[in-house]
Every structure is written in C-alpha cells, then in structure tokens.
Amino acid sequence: MTRDAPAASRFPEWDRAFDSTGTLHFRTGRHVSVLALLGCLVFVAAGFWMLGVERPLAAIAGVLALLFFGVVGIPVCVYLFFKPRSLTFTATASHGITRRPLIPWEAVAGAGHVTQGPQTHGVLRLTPEGMAAYEGALTGRAARVHASQKPYAGGDGVFFPPYLPASPRDIAAWVNANRQRLATG
C-alpha cells in the first residue's frame, strides 16, 4: 500500500465488516475492569487489615477503604465487566456511544483526537445543530459528565469511550473517510 492511499483503504477489515453487516462496533476490553477489580480487592483486604491495627487513624483509613473500594469500587468493576462501554457506527445514519443518545450522521462534522498528557482521546465533532440536539437528549449523570468534559473536547466535541481496542486516531480517520458517504445515505 502506498502512503498516498485514501484513508478508507487503511482499514479494509473495518470497511468489510461495516459493508457486510452495516455495523462497526468497538467494545472496551474486559481486562481493564478485571485489573480494576483486582486493585479494589487489594484495597479491601488492606482495609480489613487496617481495622485490626491499634491506631485510630489506621482504623479510619480502613473503614474508608472498605467503603470506597468495597461498596463502590467492586460493584462498578463488576458492572463494567458485564456491560462494557462501546462505540457503534451503523449504516442507518447514526452513531452511538454507550449510554448516550444516538447521533445522526448528518450531525457529524468530523472526528479528531485530543492529547492530554500521555493519553490520546478520540473526539467526534458535531455540527451546531447536532450538538444542540445531542445535549438536549442527555439526562441526569450523562449530562453532568458531558458538561464536565466539554471544555476538554471543545465546544463541538463528544469523547469516544476510553480503552477501546483500536487507536482513537484510527477510529477518527475511519469516521472522516466514511462520514460523507454515510451522511448522504
């Protein structure tokens, strides 16, 4: 393959999967939730150990570790193991980010990425009308999370879920290469 090949040809397996099924689906790996669960279990064990220490601060730290990592952390890790975050592109002119409203292809202006420190995050850029519709459809916690992420993603951006099995730059390149064809239907 030459360096000047179009972006769509960079991902022939994604194009084949999308063309044959009408869907391209990325799901976060379960290894992240397993590692987080193991970390929570270590902190819960340390919390139990600290309860047996004769110092009052150690007992307080033990209770806090049990509450945070045992009561909050373990259920969240188990939930994310069985319901991992995902990113789905469909041929029915919509793009979905898990637990967020669907975004029609007509509302997508493009895709890019934002680098913060050592991490690169994928960002879906929306038209002004698309952003207004997306924000209007958000409710509860999803609306608060989006509001907190908006300064980092830009005024017109929506972050992809983290820890996807493909590079955010590659996903953004695929979206940019296929957006026009999908928006026109």
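None of the values given here were measured: they were computed from a predicted structure. (Residues numbered from 1 in each chain as written. Predicted model: local features only at pLDDT ≥ 70, side-chain atom pairs only at ≥ 80, totals over all residues. Heavy atoms only, no water.)

Trainee: Please clarify how helix H5 (residues 140-153) should be interpreted in this entry.
Mentor: Spacing of three or four residues puts side chains on the same side of an α-helix, whose turn is 3.6 residues. Between its terminal C-alpha atoms H5 stretches 20 Å, which fits the 20 Å expected from 14 residues at 1.5 Å a residue. The largest bend in H5 comes to about 30°, at Ala147, with the proline Pro151 one to four residues further on. Considered for burial, the residues of H5 that qualify are Ala142, His146 and Ala153. Where H5 is buried, its residues touch strand E6 (119-126), helix H4 (128-137) and strand E7 (157-159). (Helix = DSSP H or I, 4+ residues; strand = E, 2+ residues; numbered from the N terminus. Expected span 1.5 Å × (residues − 1). Bend = angle between axes of the 7 residues up to and from the residue. Buried < 20%, exposed > 50% of the residue type's maximum accessible area, 1.4 Å probe, protein only. Contact = heavy atoms within 4.5 Å.)

Trainee: How should the nonpolar core be read in this particular structure?
Mentor: Most often, soluble globular proteins keep nonpolar side chains buried together rather than apart. Membership of the largest hydrophobic core comes to 28 residues, with the highest contact counts inside it found for Phe26, Phe89, Ile171 and Val175. Mapped by element, the contributors of at least two residues to this core are helix H1 (12-21), strand E1 (23-27), strand E2 (86-90), strand E5 (108-116), E6, H4 and helix H6 (168-183). Looking at this core element by element, the count peaks at 6 residues for H6. Apart from residues no more than four positions distant in its own chain, Val175 is found in contact with Phe89, Trp105, Val108, Ala111 and Leu124. (Core = buried A, V, L, I, M, F, W, Y, C linked by side-chain atoms within 4.5 Å.)

Trainee: I tried to follow the environment of Leu51 on my own but got confused; where do I start?
Mentor: For Leu51, the location among the structural elements is in helix H2 (residues 30-51). Assessed through its relative accessible area of 37%, Leu51 is described here as partly exposed. Discounting residues that sit within four places of it in the chain, Leu51 has contacts with Ala59, Gly62, Val63 and Leu66.

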